[in-house]
Amino acid sequence: MNITNPKVSILFLALLPQFIDPKAGSAELQMLLLGAIFIVAALLAFGSVVQITGKLRHGFNSPSVHRRC
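Points about the packing of aromatic side chains
- Tallied over the entire structure, the rule returns one aromatic pair.
- Seen in terms of ring centroids, Phe12 and Phe38 are 4.9 Å apart; in terms of plane orientation they differ by 80°. Their pairing is edge-to-face. Of this pair, Phe12 sits in helix α1 (residues 6-15) while Phe38 sits in helix α2 (residues 27-60), and the two are 26 residues apart along the sequence.
- Residue classification places Phe38 among the partly exposed residues on the basis of a relative accessible area of 40%.

This is the structure:
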């Protein structure tokens, strides 16, 4: 979703290096790991929103709700 947004890239370039430990090994690998963690967290968050709104949509489309309106 945010791959075409340059502000997200700038945020990652400014934020992620603060969490890199030079003693822990390859900086590139650590950046990839942090990026992967972000992607998994974003997928879980967006997936949850999709699931919840899907259930709400079915609830709002029920005949009993339409009769009340």
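Focus: the side chain of Gln30
- Mapped onto the fold, Gln30 is located in helix α2.
- When its relative accessible area of 15% is taken as the criterion, Gln30 is described as buried.
- Once residues within four sequence positions are removed from consideration, Gln30 is found in contact with Phe19, Ile20, Asp21, Ala24 and Gly25.

Thoughts on α2
- Compared with the 50 Å implied by 1.5 Å per residue over 34 residues, the 49 Å span of α2 between its first and last C-alpha is a close match.
- Every buried residue of α2 is accounted for by Gln30, Gly35 and Ala42.

Quick notes on the rules
Position numbers for residues start from 1 in each chain and track the written sequence from start to end. Predicted model: local features are reported for residues with pLDDT of at least 70 only, side-chain atom pairs are reported and counted for 80 or more only, and whole-chain, interface and lining totals are derived from all residues. Calculated side-chain values reflect all of the structure's heavy atoms, with hydrogen atoms and water omitted. Geometry of aromatic contacts follows a simple scheme: Phe, Tyr and Trp rings, the Trp one being its six-membered ring, pair when their centres are within 6.5 Å, and the pair is stacked under 30 degrees between planes, edge-to-face over 60, tilted otherwise. Every helix listed is a DSSP run of H or I at least four residues long, and every strand listed is a run of E at least two residues long, numbered separately from the N terminus. The classification of residues rests on relative accessible area computed with a 1.4 Å probe and restricted to protein chains. Under 20% of the type maximum is buried, over 50% is exposed, and intermediate values are partly exposed. Every residue pair with non-hydrogen atoms within 4.5 Å of one another is taken to be in contact. Helix span, as expected, comes to 1.5 Å for every residue beyond the first.

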